[in-house]
Every structure is written in C-alpha cells, then in structure tokens.
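# Residue-level structure breakdown
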Amino acid sequence: MRILITSDNHLGYKETDPLLSLDSFRAFEEILQNSNDCDFMINAGDLFHSNKPSRFTMYKTIRLLRENIISNEKNSRCMIDGIPLDKYDFEDCRYNKSQAVDKNSQTDDKNPKTGDKNSKTGDKNSETGDKNSETGDKNSKTGGKNPKTGDKNPQVNMKKSTGQNQLKNLKLPILVINGNHDDPCGFGSLSALDVLHETRLVNYVGRNENIDNIVIKPIIITEECGNNRLNVAIYFLSHVRDTRLFRLFAQNRVYFEESDCDISILVVHQNRIERTGNDNLSMDLIPEFFNLIIFGHEHDPLIMERRYQTILQCGSTVRTSCCDGEVGNKYYYKLDITLKDDLRKSKFSGNFNEKLRKGQN
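Attention here is on the structure that accompanies the text. As the structure is a prediction and not an experimental result, all values here were calculated from the model.

The rules behind each value
- Residues numbered from 1 in each chain as written.
- Predicted model: local features only at pLDDT ≥ 70, side-chain atom pairs only at ≥ 80, totals over all residues.
- Heavy atoms only, no water.
- Phe/Tyr/Trp six-rings, centres within 6.5 Å; stacked < 30°, edge-to-face > 60°.
- Lys NZ or Arg CZ within 6 Å of the ring centre and 35° of its normal.
- Buried < 20%, exposed > 50% of the residue type's maximum accessible area, 1.4 Å probe, protein only.
- Helix = DSSP H or I, 4+ residues; strand = E, 2+ residues; numbered from the N terminus.
- Pairing = 2+ DSSP bridges.

Let us now look at the packing of aromatic side chains. Given two aromatic rings, their pairing is described by the distance between the two centres and the angle made by the two planes. Throughout the structure, instances matching the rule amount to eight aromatic pairs. Grouped by ring-pair contacts, the aromatic residues Tyr-235, Phe-249, Phe-256, Phe-289 and Phe-290 constitute a single cluster. A cation sits over an aromatic face here: Lys-60 above Phe-25, 5.9 Å from the ring centre.

Structure representation (structure tokens):
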C-alpha cells in the first residue's frame, strides 16, 4: 500500500497577483501528476487558502482534479468493507460523532501536562502568522443566522450513503480534512470542501459534528497481500480551535475508538508547537497506539521519531510568508506500508520517500 501525503496547499493564495496567481495550483498539479504509483492521497487540511474561495479557485481546482485523477483503468486494489476505495461512498465517514460524557470521568480544567489549573479559559485563537478565517463557534455549530430572514441556520440534510460512488474510476481517491483556513462557517455551516465533496472528486472526512464531545472512529482500509491482508486504520480530526481542543483533552472529551489493525494513523490540523500556552496538540495527549501522526498546519516540513511513533509534519506546498519556516524546500510524501514486520509491536518501519517539489515560487 502506497499513500501520497500532502497538506497546506492553500489553493487560491495570491490569485490576483500577476506573478504569483498560479503558484499554488502549479504545485498541486505537480503533486497530482506524480501520483500514478499511489493508491490514495491523504490531505491534512488547508486545501484552500480561504473558506470562501473564489469561482476562479473552485474552477481551477475541479479542472485539475478532473484532468489528473479520473481514469478508465480497473478499480483500486485497496478496499473499505469489500468495496474498492475509488468506488466507496464516504458519506457515513464525513462526521466525527459526539457522545454523552460521563461526568464522573471528567477532570477539572487542569493542564494535562502539569496538573495545574488551566488559566486559559478563553476561546481566542492563539495562532500567529496567517490570518485565521474562522468566524466563531456559533457558525461552526450551525448557530449563525440568515442575514436576510434572521432565522437560525437549518440543519443541512446530507444524502444517505448508498455504499458506492457512482463516478468513473478514480485512479487517486483523495481523503481530506478541513484546516483553519477552509473551515465550515456562515449560513448552513458549510466549507468549500462540502461543495467539492459533492463532485465526488474528493472525500471530505473527519468533520466534527459536535465540538463539545468528539468521538473519532477509524476508516479501515484493507489490501490483499498474497495470502495475507493488510489492515490500516486512519483517524481523521478536522481543525478545532487549539485552546478549545486542549481543554477537551483535559476534560476527557476526546475519544478514539481503538482498532486491532496492523497500522494506526492519526491525521490532524493543529498547532504542534506551543505558542502562547495551552494552544497546541501536545504529543503527551495523543494515545500511544498510533504508529504515525500526520500534522497539517505547521508550514515547515520535518519527520521525527518519538518512542514507538513517527511524526510527519508535512509543511506547506506554497510559500505564504517570509518567515523561517517558509523559506526552505517544499515537499510531498509517499508512504509505503508492508506486512514485513509486526508494526504494532515494533518501531514503525514505514518507508518515507521525500519528493522535492520542483520549480520556483
């Protein structure tokens, strides 16, 4: 199984600039053109630079996807519930569900690192650098109002899954979460990814139905390897405001349903580095059963080893500022997973192949 991994493509960045308007699209196109040997793509957030991308950006994105990922070849060798990955309808995987929380299991608003009381109680966004396009928790919970009628947002009726995607074969199924730039907002609490999802060119997963209690179930992807079967569990968590997510972990309000798969992967779009205090997803908060943690949001690329876990920080594929984290080379990644080792009991031995994105911004 070979997985293409990317993040922070920021499609539409500087789209009106006469020199930089096509940079983000050219970088994304190069990634798609080098995906022929991959089974599927994981995108760790911020596919779009804005949560209200222009018609030009939406047109360019859909055009690039149609030109590069639709194929008449045979179905994908990877499966979900016996259905080829390129034919699977991800409608039931779109939301992370919520659950009632046992009050006895809750902790006070303590710092899970030190046990001290959490002095950060506000929901102000602590991220620095890029402007955050979030519009507040009211919108993200469908609490906004129709600017014309004053009525509260309706619950958007998503189509019930039919089990299979009726589109032509996709040679590169794409699983994507939203970041802080393309988060759901406004009337109906929709993201541009919701619109793109309806084209069936990408699969928008890991959206949080309730940001007070989050239950994350894995998407289990299988592949037949001779007489054996490789099972990979992938957990998707779309962006949650960093201070809020820190408190949810402190109060035991984030729950991962553990699987018995060969590999467990977590995909998030959060601060990895603490900036102003209690505003990052610390590795101490992440369960140890994960073999690989993929971070979007941080724009400088790196790979780290921590105990029995591998941390992949994808970085962005286009430069959006002149800070130190942006000036280096930009990468996408290909991950090979095999059944050679008992990966759940030994150090993760996935083979990362760094691919330098060619071309100048």
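Let us look at the pairing of strand β13 (residues 263–269). β13 sits mainly inside the fold: seven of its seven residues count as buried. Taking every second residue as pointing to the same face, both faces of β13 are buried, with Ile-263, Ile-265, Val-267 and His-269 on one and Ser-264, Leu-266 and Val-268 on the other. Strand direction decides the pairing type here: strand β11 (residues 228–237) and β13, joined by six bridges, are parallel. Across the sheet, residue Val-232 finds its bridge partner in β13, namely Ile-263. Across five bridges, β13 lies against strand β14 (residues 292–296) in parallel orientation. The residue of β14 that forms the bridge with Val-268 is Phe-295.

With that settled, the discussion passes to unusual backbone geometry. As a rule of thumb, non-glycine residues mostly have phi less than zero, and peptide bonds are mostly trans rather than cis. The phi angle at His-10 is positive, at roughly 50 degrees, despite the residue not being glycine. On the secondary structure map, His-10 appears in the loop between β1 (2–6) and α1 (23–33). Using a relative accessible area of 0% as the deciding quantity, one classes His-10 as buried. Here Asn-252, not a glycine, exhibits a phi torsion of approximately 55 degrees, which is positive. Tracing the backbone through its elements, the reader meets Asn-252 in the loop between α5 (242–250) and β12 (254–256).

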